[in-house]
Amino acid sequence: MQVEDKMIIEWDVAIPMDDGVTLRADVFRPLGEAKVPVLLSYGPYGKGLSFQEGYPTAWQIMAEQHPDALEGSSNRYQNWETADPEKWVPHGYALIRIDSRGAGRSPGYLDPHAPREIDDIEQCIQWVSDQPWSNGKVGMSGISYYASNQWRTAARRPPALAAICVWEGYNDRYRDATRHGGILCSFSRNWAEMQVKTVQHGRGERGARSPITGELVAGPETIPEDTLAANRANIWPEFQRQMLDGPLYQDRSANLHDIDVPLLSCGNWGGQGLHLRGNVEGFLQAGSRQKWLEMHGGTHWAVYYTDYAVALQREFFDHFLKGIENGWDQQKPVRLQVRHIDGFRERFESEWPIARTEWAKLYLHPDGTLKDSPAKDEAELAYTPLENGHRFLSEPFTEETEITGPSAAKLFLSSDSEDADVFLVLHLIDPNGEEVTFQGALDPHTPLAQGWLRASHRALDPARSLPYRPYHTHADAQPLRSGQRVELDVEILPTSIVVPAGYRLGLSVLGKDYEHAGEGASLSNMKNVMRGCGPFLHDDPDDRPASVFGGTCRLHFGKDAAPYVLLPRIPKA
C-alpha cells in the first residue's frame, strides 16, 4: 500500500476465485476512513500497461482532438478503456482494475468473453463489496471489452452490483461482433493477435513493464511460447466453422431480459462494426425499469475521458451509488448528440426510436435514383459482387431534413451461384457529388450507416422483427438456386444526420466491404489500414470463397419487386 497523488494505491491485490486461481487487481481509493462506492473493471489488456505506451497513436489522437481528456490529471495512471483514477477518487470513489483470468498479472487459462469470466466478475464484485473501505455498492464502468462484460454480468444479478455504465459495448456475440448479417468479420482474429496475446500472463520479459511500479505487465514469469499457446483459447477456428447462431455465440452473449440493475448505455453513431448495435439493443431489451440511452459521435476511446462524458457518468453513478438526489432519475431516458455536418447538437427524447418519426420509403430505381414511388417497369441490374456494385441517389433535399434512428432495406436479388453477401452503405452526398464522411469510433472516414446480410440467412424471426429493424434467426441456411429471385430484408444500423438543403442521400448495394475514395488511416493497435470500415472487415477467404460469393448478382425491379430503403425522418419541432 502506498499514498501518492492524494490516493491510497494498492498494487496486485489478490482476489481468490472458487477454483483456486488468484486474480490480481490494482485498487485506487480516497484517503481517510470513509466507506465509498466502487467502480470496477475487468479485462484482458494488462492493468500495468500505460495507455500512452500500449496505444500511442490512440493517445496522440485523444490529446489532439480532446485536450480536456488530459487536463486535471497527471495521466500517470491512465489505462486503455478504463476510468482515470485521478478524475474519480477525489470525488469519493474507489476504482479497482482487475486483470482477467490468464491476462496481465492474473494466472489461468485465457479465454476472452467465456462464461468463466462472468463467474470471476461475480466473485470480484462480492469481494469488493465486503472490503472495509467499500460502502457495499459496486458499479461497472469502461469501454468496449470492459463494457460488453457488463451486460452479461448484470444478467446474473449479483447483489452488490448497483449500476452499470456500458460505454460502446456489444452484447450479441453473433450479430453485433462476429458475424454481421451472417458474414464473418475478421476483427476477432486480428484483435486477439494485436491486443490480447501480447499481454497474456506469462509473457514476462517479452512484454512491457509498468512505468510506475517497474513490474512486468504480463506476470513475473517468462513462460515458453508453446506453453502459452496451450494456456489460451483459439476461438477463431470455431468462429469460422460455426456459421449459424448457436451455443458457441449464445454462451458469450447476454440474456438482456434478466438485467434489472439501473443502466446507462452509451453508443457511437460511427461504431458500426462493434460499438453501436449492442448499446441500442441493450437499452431496448434490458429488463431494467431505470435505463437510459446516450448516443454520441467521435473516437470511441477518447470521448469517454472528456469532461462531457465524465460529468455524465458521474451524475449517473452519484445517484445510484451514493444516493445523491441530483435529478438524474427525472431526466428523459434518451440523450442524443444529433449529428450535423459541422458537429453535434444535444437533444433529449422520451423513447427510442423517436415517437414522432415519419417513416419514409425511398424506392430504388434501375436508373440509379431513389424516389418516393416504386419503379413500374420490369428491369434488372447486374453486378459482379467482388468487384463492383450499384449506388442509388435521392434528389437534392429542398430543405434541411433530419434523419435519426434505425433504417432497413428491402431488396429483390438473384445470383448465378448458391449464395450472395449483401453490403449496404448509406451515404451523404454534397452538392458537388462528393461523399461526406464522418469520424467513426475507430476510422476517421466512415459513411452514415451500414448493413449486411448473407442471402442464405434471409429467414426472419417474426416475433422479434420490426419494420425498421428486421431480426434474422441465423438458425439455418437456405441456399439460392442459380437465377432464383429472393426477397431480402436488411437491417441498417442506426444513424443521425441533419441533411442540409442541396445535399442528397445515397444507398450503395455492394458485394464487399465499403471503401471511401481518400487515403486510409492506421492505429498502432490495429492490423489493417482503415479505409471506411475500420478494422471490421469481412475478408476471410474460407468464409467468402470467390466461387460462391463472386457469382454475378442481379437486383430486380418491377410490379412484384419494389426495392426500397426505409428512413427515419424527424419532423421539425
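The structure displayed is predicted, hence computed values, not measured ones. Within any chain, residue numbers begin from 1 and follow the written order of that chain's sequence. Totals for whole chains, interfaces and linings use all residues, but because this is a predicted model, local features are given only for residues with pLDDT of at least 70 and pairs of side-chain atoms are given and counted only at 80 or more. Values reported for side chains reflect all heavy atoms of the structure, with hydrogen atoms and water molecules removed beforehand.

**Overview of the sheet that holds strand S6 (residues 134-143)**
Okay, step 1: In spatial order, the strands read S1-S2-S3-S5-S4-S6-S7-S10-S11-S12-S13; together these 11 strands make up an open sheet with mixed pairing. The strands lining the two open edges of the sheet, one partner per strand, are strand S1 (2-4) and strand S13 (343-349). Direction aside, the axes of adjacent strands within the sheet are offset by 20° on average.
Okay, step 2: Where strand S10 (residues 263-268) meets strand S11 (residues 291-296), six bridges bridge the pair, whose relative direction is parallel. If you follow Gly267 over to S11, its bridge partner there is Met295. Whether two strands pair comes down to DSSP finding at least two bridges between them. The helix count covers DSSP runs of H or I at least four residues long, the strand count covers runs of E at least two residues long, and both are numbered beginning at the N terminus. Between N-to-C directions, angles span 0 to 180 degrees; the directions come from axes that are lines fitted to C-alpha atoms, helices contributing only their stretch in contact.

**What about the pattern of salt bridges?**
Okay, step 1: By definition, a salt bridge exists where a carboxyl oxygen of Asp or Glu is found within 4 Å of a side-chain nitrogen of Lys or Arg. For the coordinates displayed, the defined rule picks out 41 salt bridges.
Okay, step 2: The residue Asp245 makes a salt bridge to Arg175 at a minimum N-O spacing of 2.9 Å. Of this pair, Asp245 sits in the loop between helix H8 (236-241) and helix H9 (247-250) while Arg175 sits in helix H5 (residues 173-178); the two residues are 70 residues apart in sequence, bridging distant segments of the chain.
Okay, step 3: Judged by relative accessible area, which is 19%, Asp245 ranks as buried.
Okay, step 4: Only protein chains enter the accessibility calculation, which uses a 1.4 Å probe. A residue is then buried if its area is under 20% of the maximum for its type, exposed if over 50%, and partly exposed in between. For Arg175, a relative accessible area of 10% gives the class buried.
Okay, step 5: With a closest N to O distance of 2.8 Å, Asp489 and Lys410 form a salt bridge. Here Asp489 is found in strand S22 (residues 486-499), whereas its partner Lys410 is found in strand S18 (residues 401-415), with 79 residues between them in sequence.
Okay, step 6: For Lys410, a relative accessible area of 13% puts it in the buried group.
Okay, step 7: Salt bridges sharing partners connect three or more residues here, namely Asp12, Asp26, Lys47, Arg105 and Glu215.

**Here's the deal with unusual backbone geometry**
Okay, step 1: Of the consecutive residues Trp352 and Pro353, the connecting peptide bond is found in the cis state with omega at -10°.
Okay, step 2: With respect to the element layout, Pro353 can be found in the loop between S13 and strand S14 (358-364).
Okay, step 3: Positive phi values are uncommon outside glycine, yet Asp12 reaches one of about 55°.
Okay, step 4: We classify Asp12 as buried; its relative accessible area is 19%.

**Digging into the packing of aromatic side chains**
Okay, step 1: Here the aromatic set is Phe, Tyr and Trp, taking the six-membered ring for Trp, and pairing holds for ring centres within 6.5 Å; pairs whose planes are under 30 degrees apart are stacked, those over 60 apart are edge-to-face, and all others are tilted. Scanning the entire structure with this criterion turns up 29 aromatic pairs.
Okay, step 2: With a centroid separation of 6.5 Å and an interplanar angle of 70°, the aromatic rings of Tyr145 and Tyr146 are classed as edge-to-face. Comparing Tyr145 with Tyr146, the two get one shared label, buried.
Okay, step 3: A centroid spacing of 4.7 Å and a plane angle of 5° characterise the contact between Trp359 and Tyr468, whose relative ring orientation is stacked. Taken together, the residues Trp359 in strand S14 and Tyr468 in the loop between strand S21 (449-454) and S22 connect sequence positions 109 residues apart.
Okay, step 4: Overall, Trp359 belongs to the partly exposed group, its relative accessible area being 34%.
Okay, step 5: Pairwise contacts between aromatic rings join Phe51, Tyr55, Trp59, Trp80, Trp167, Trp301, Tyr304 and Tyr305 into one cluster.
Okay, step 6: Sitting over the face of the ring of Phe283, Lys291 holds its NZ or CZ atom 5.6 Å from the ring centroid.
Okay, step 7: Only when the NZ of Lys or the CZ of Arg is both within 6 Å of the ring centre and within 35 degrees of the ring normal is a charge said to sit over the ring. Note that Arg314 overlies the ring of Trp88, its terminal NZ or CZ placed 5.4 Å from the centroid.

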